[in-house]
Amino acid sequence: MNRDSGRSFIVKKKTVLWILYIIVLIPICLELALRVISAKPYIQTDYHIEVSPPKAFTGHDSLGIVLNPGNYDIILNRKVKFHTTHTSAGQRLVPDTNSAKGRPQLAFLGCSFTYGYGVNDEQTFASILQKKYPKLDFHNYGVIGYGTLQSYFQLESLLKNGTPPEVVILNFASDHFERNALTRKFRRAMKIGFDRSMETAREMMRTSNFPYLQNPEDSINYERWEDLYSDWRWRDKLASVNYIQTQSDKLADSSRDLVDISAVIIEQMNKLCLENDIQFVVVLLDEDDRIRRLEKGLTNQKIEALKVGFNFNSPEYTNVPFDIHPNQKGHKLIASKIEDRIKTLIPDE
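Residues numbered from 1 in each chain as written. Predicted model: local features only at pLDDT ≥ 70, side-chain atom pairs only at ≥ 80, totals over all residues. Heavy atoms only, no water.

## What to know about the packing of aromatic side chains
Okay, so step 1: Counted by the stated rule, this structure contains twelve aromatic pairs.
Okay, so step 2: Taking 6.0 Å as the distance between ring centres and 15 degrees as the angle between the ring planes, the aromatic pair formed by Phe108 and Phe138 counts as stacked. Here Phe108, found in strand β6 (residues 105–109), pairs with Phe138, found in strand β7 (residues 137–140); they are 30 residues apart in sequence, far enough to count as distant.
Okay, so step 3: Assessed through its relative accessible area of 0%, Phe108 is described here as buried.
Okay, so step 4: By relative accessible area, which is 0% here, Phe138 ends up buried.
Okay, so step 5: Note on Phe113 and Phe312: the rings are 4.1 Å apart at their centroids and 25 degrees apart in plane angle, and the pair reads as stacked. Here Phe113, found in helix α2 (residues 112–115), pairs with Phe312, found in the loop between β12 (304–307) and α11 (328–343); they are 199 residues apart in sequence, far enough to count as distant.
Okay, so step 6: The class of Phe312 is buried, set by a relative accessible area of 9%.
Okay, so step 7: A cation over an aromatic ring shows up here: Arg187 above the ring of Tyr212, its NZ or CZ 5.4 Å from the ring centre. (Phe/Tyr/Trp six-rings, centres within 6.5 Å; stacked < 30°, edge-to-face > 60°. Helix = DSSP H or I, 4+ residues; strand = E, 2+ residues; numbered from the N terminus. Buried < 20%, exposed > 50% of the residue type's maximum accessible area, 1.4 Å probe, protein only. Lys NZ or Arg CZ within 6 Å of the ring centre and 35° of its normal.)

So this is what it looks like as structure tokens:
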């Protein structure tokens with residue numbers, strides 16, 4: 001080896017070492033810099049669910065999740081206890097409903113807020129209204145984790161397979177914007193959160209597919225439970241990994257108009273109701289800027305919207321700090337807000 005080739009080898013070696021040094025140094029510096037500005041690894045806030053007997057809910061190939069018929073005792077976060085009954089038709093029981101001939105049928109569609117997660121059968125706002133207005137029949141189709149797409153499918157099923165109700169009341173909450181678009185934020189909350197909530201969740205949801213719209217003009221897509229979401233390696237240990245994945249998630253959804261996506265689904269539900277001579281009402285449970293924008297759009301489309309303005313962070317009307325779902329007092333408040341609309345449906349004496 002001559003002197004020039006030896007020097008060239010040393011230079012190349014130093015260059016490679018510097019490159020390796022920089023590759024190692026940059027992630028360390030990024031981690032330290034993020035820690036300085038109080039960034040942290042991801043901290044999972046677990047939600048604990050106990051169900052007796054097991055499997056009150058099960059996976060579904062197009063709805064994501066459905067109710068298993070039976071009687072169940074459920075405890076949320078070891079504090080909130082309630083009893084629930086699921087009918088053979090896949091509904092939450094509304095005591096005193098008997099579908100008598102000639103009695104107007106009202107279908108409540110929605111998520112766990114409609115279902116009554118955290119209160120007994122007779123304490124849901126559907127049951128409260130049923131007891132107060134025995135000349136009507138209320139049906140509770142609410143299911144935990146549902147967005148408006150699942151409600152749309154339920155409405156289609158009611159029209160095809162049963163006696164269509166005279167009135168369909170869609171209960172919409174701000175959470176549904178994320179669910180209808182299956183955003184990364186909701187994917188993580190559903191997949192990681194539900195997987196860790198109870199031991200049977202992973203097996204129970206194994207065959208599930210969740211519907212969503214990527215954009216308002218797109219057809220409905222489905223995502224398998226196993227593909228719904230996964231954390232990057234070391235997200236719970238390194239602030240840098242958590243920061244990069246969080247920003248990646250935000251970027252993936254930044255160009256999507258969540259309000260328009262939800263509005264399109266609601267418009268299709270309204271169209272189905274008009275075609276079948278069904279009264280359609282959208283109950284806006286809570287309120288934020290997106291809800292107000294949605295309300296304006298519904299008004300322009302001549303779709304009836306009823307504002308409730310419920311506060312899901314209220315310790316008085318929810319099970320906070322253990323759970324954000326309405327408590328018994330909260331369901332009474334929601335029932336009182338819907339009641340004025342219900343009065344117009346009572347048959348004449």
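Structure shown, so let's carry the discussion forward.
## Side note on the pattern of salt bridges
Okay, so step 1: Applying the stated criterion to the full structure yields 25 salt bridges.
Okay, so step 2: Notably, a salt bridge pairs Arg202 with Asp195, separated by 3.4 Å at the nearest N-O pair.
Okay, so step 3: On the basis of relative accessible area, Asp195 is assigned to the buried category, the value being 11%.
Okay, so step 4: For the salt bridge of Glu316 with Lys329, the shortest nitrogen-to-oxygen distance reads 2.5 Å. With a gap of 13 residues between them, Glu316 in the loop between β12 and α11 and Lys329 in helix α11 connect regions that are remote in the sequence.
Okay, so step 5: Glu316 sits in the partly exposed class, given a relative accessible area of 42%.
Okay, so step 6: Relative accessible area serves as the criterion here: at 40%, Lys329 is assigned to the partly exposed category.
Okay, so step 7: Connected through salt bridges with shared partners, the residues Glu287, Asp289, Arg292, Glu295 and Lys307 form a single ionic network. (Salt bridge = Lys/Arg side-chain N within 4 Å of Asp/Glu carboxyl O.)

## Details of a nonpolar patch on the surface
Okay, so step 1: A cluster of nonpolar side chains, Trp232, Tyr243 and Ile244, forms an exposed patch at the surface whose accessible area comes to about 300 Å².
Okay, so step 2: Along the chain, Trp232 falls in the loop between β10 (221–224) and α8 (239–253). (Patch = residues over 30% accessible without salt bridge, like charges linked within 9 Å, V, L, I, M, F, W, Y side chains within 5 Å. Areas by Shrake-Rupley, 256 points an atom, 1.4 Å probe, with all protein chains shown as cover.)

## A look at the pairing of strand β5 (residues 80–86)
Okay, so step 1: Counting buried residues along β5, five of its seven residues qualify, which places the element largely inside the surrounding structure.
Okay, so step 2: Pairing analysis gives seven bridges linking strand β4 (residues 70–76) to β5, with the strands arranged antiparallel. Directly across from Ile74, in β5, lies its bridge partner Phe82.
Okay, so step 3: The turn joining β4 and β5, which pair antiparallel and follow one another in sequence, is formed by three residues; a positive phi near 50 degrees is taken by Asn77. (Pairing = 2+ DSSP bridges.)

## Quick notes on the side chain of Ser112
Okay, so step 1: Relative to the elements of secondary structure, Ser112 occurs in helix α2.
Okay, so step 2: Residue classification places Ser112 among the buried positions, given a relative accessible area of 5%.
Okay, so step 3: In terms of polar contacts, Ser112 uses its side chain to reach the side chain of His325, at 2.6 Å.
Okay, so step 4: Setting aside chain neighbours within four positions, we find Ser112 in contact with Tyr117, Val143, Ile144 and His325. (Polar contact = N/O pair within 3.5 Å; in protein donor to acceptor, adjacent residues only side chain to side chain. Contact = heavy atoms within 4.5 Å.)

## Points about α11
Okay, so step 1: Under the 1.5 Å per step criterion, the end-to-end length of α11 is 22 Å for 16 residues, consistent within 8% with the ideal 22 Å.
Okay, so step 2: Among all positions in α11, only Gly330, His331, Ile334, Ala335, Ile338, Glu339, Arg341 and Ile342 are buried.
Okay, so step 3: Here α11 starts with a cap whose side-chain oxygen sits 3.1 Å from the backbone nitrogen of Lys329, and that cap is Asn327. (Expected span 1.5 Å × (residues − 1).)

## Points about helix α6 (residues 184–197)
Okay, so step 1: Helix length check: α6, at 14 residues, gives a terminal C-alpha distance of 19 Å against a target of 20 Å (1.5 Å per residue), a fit within 8%.
Okay, so step 2: Along α6, ten of the 14 residues are buried, which leaves the element largely enclosed by surrounding structure.
Okay, so step 3: Within α6, the full set of buried residues consists of Phe186, Arg187, Arg188, Met190, Lys191, Ile192, Gly193, Phe194, Asp195 and Ser197.

## Description of the sheet that holds β6
Okay, so step 1: Taken in spatial order, the five strands line up as β7-β6-β8-β11-β12 in an open sheet, and their pairing is parallel. In this open sheet, the two strands that pair with only one neighbour each are β7 and β12. The average angle at which neighbouring strand axes cross in this sheet is 25 degrees, direction not considered.
Okay, so step 2: Across the sheet, α11 lies against β6, β7, β8 (167–172), β11 (279–284) and β12, angled at about 145 degrees from β12, the strand it touches most. (Axes fitted to C-alpha atoms, helices over the stretch in contact; angles between N-to-C directions.)

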